[in-house]
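# Examining the three-dimensional arrangement
Below are the chains, spelled out letter by letter.
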Amino acid sequence: MRYEIVEAGALDLAVLIAAVRDRGAGGLVTFVGYVRETSDDDRAVTGLSYEAHRELALAEMRTIGAEASTRFGPARVAIAHRVGELTIGEAAVAIAVAAAHRGVAFDACEYAIDELKRRVPIWKKEHYVAGDPAWRENVKEKFRAEP
Amino acid sequence: MNVRVVPFARIREIVGSAELTRAAAEGATAGEVWGGLAREFPALADLLASTRLVRNGAFVRPETALCDGDELGLLPPYGGG
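The present account deals with the structure reproduced in this document. Values in this document were obtained by computation on a predicted structure and should not be read as measured data.

## Observations regarding the sheet that holds strand S1 (residues 2-7) of chain B
All names here are of chain B.
- An order of S2-S1-S5-S3-S4 is seen for the 5 strands of this open sheet, with the pairing classed as mixed. In this open sheet, the two edge strands, each paired with only one partner strand, are strand S2 (20-23) and strand S4 (58-60). Each adjacent strand pair in this sheet contributes to an overall mean axis angle of 35°, direction not counted.
- Bridging between strand S3 (residues 52-55) and strand S5 (residues 71-75) involves 4 bridges; their strand directions are antiparallel. From the neighbouring strand, Arg55 faces S5, where its bridge partner is Leu72.

The structure is reproduced here in structure tokens:
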């Protein structure tokens, strides 16, 4: 119901929550992904740069939101992802999902972040305290199995 | 015919340009143009199978034929989230 690629400025979770809450929402689940100080292979990270294929990324985010609602029961979904240069502790992605009951909201939110990592054309380059920066790909094996 | 190639992320860094034009035979497919670029830049070899192809803003299969003036987007594996 709200899908954004944010070029500059912090992600605003309150805006996403406001976009999905309505009088039928009995449960609301949020997920925020932050830039960590350590890479998956234990290197000290100084920051990340993200880029996106903007049109396709927004289209895929919309599709994922609609799928989450169809699969798990009616749910209202908002997703925002940063692009550009991010430092440690900054939010890279934020998701808010509202539904009548919490089960649907939890499931739809987890589905949204899993599918975003798998299907949305966004790329991440890690910058390190020591050594050259590197593009990092999302690894399939990390994701939960299909339900 | 000429195809406008728009590489993203790691592919863009390897080819050193955000956009390039490549001549291709009439009826050449998206996969053939991509394969030609990978031969031109051997560092692209490990991305050959995992890169998604986009013709004029829509995902296409490698066997999709291109037309003169088409834009071919090259999307390496994703890293969002």
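After that view, the rundown keeps rolling.
## Considering helix H3 (residues 102-119) of chain A
Residue and element names in this part refer to chain A.
- In a regular helix each residue adds 1.5 Å, so 18 residues correspond to 26 Å; H3 covers 25 Å between its end C-alpha atoms and thus fits that length.
- All buried positions along H3 are accounted for by Val104, Ala105, Ala108, Cys109, Tyr111, Ala112, Ile113, Leu116 and Lys117.
- In this structure, the buried residues of H3 make contact with strand S2 (27-34), helix H2 (54-72), strand S4 (75-82) and strand S6 (91-99).

## Topic: the nonpolar core
- A:Ala75, A:Ile95, A:Val97, A:Ala108 and A:Ala112 are the most contacted members of the largest nonpolar core, which has 57 residues in total.
- Residues within four places of A:Val97 in sequence aside, it is in contact with A:Val20, A:Val29, A:Ala75, A:Arg76, A:Val77, A:Ala105, A:Ala108, A:Cys109 and A:Ala112.

## Digging into the sheet that holds strand S8 (residues 134-136) of chain A
All names here are of chain A.
- Taken together, 4 strands build an open sheet; the order of strands is S5-S3-S7-S8 and the sheet is antiparallel. Two strands lie at the open edges of the sheet, namely strand S5 (84-87) and S8, each paired on one side alone. On average, adjacent strands in this sheet sit at an angle of 30° to one another, irrespective of strand direction.
- Alignment of strand S3 (residues 45-52) against strand S7 (residues 122-128), held across 7 bridges, turns out to be antiparallel.

What counts as what
Residues numbered from 1 in each chain as written. Chains lettered and ligands numbered in written order. Predicted model: local features only at pLDDT ≥ 70, side-chain atom pairs only at ≥ 80, totals over all residues. Pairing = 2+ DSSP bridges. Helix = DSSP H or I, 4+ residues; strand = E, 2+ residues; numbered from the N terminus. Axes fitted to C-alpha atoms, helices over the stretch in contact; angles between N-to-C directions. Expected span 1.5 Å × (residues − 1). Buried ≥ 20, exposed ≤ 12 C-beta atoms within 10 Å, placed from the backbone. Contact = placed C-beta atoms within 7 Å. Core = buried A, V, L, I, M, F, W, Y, C linked by C-beta atoms within 7 Å.

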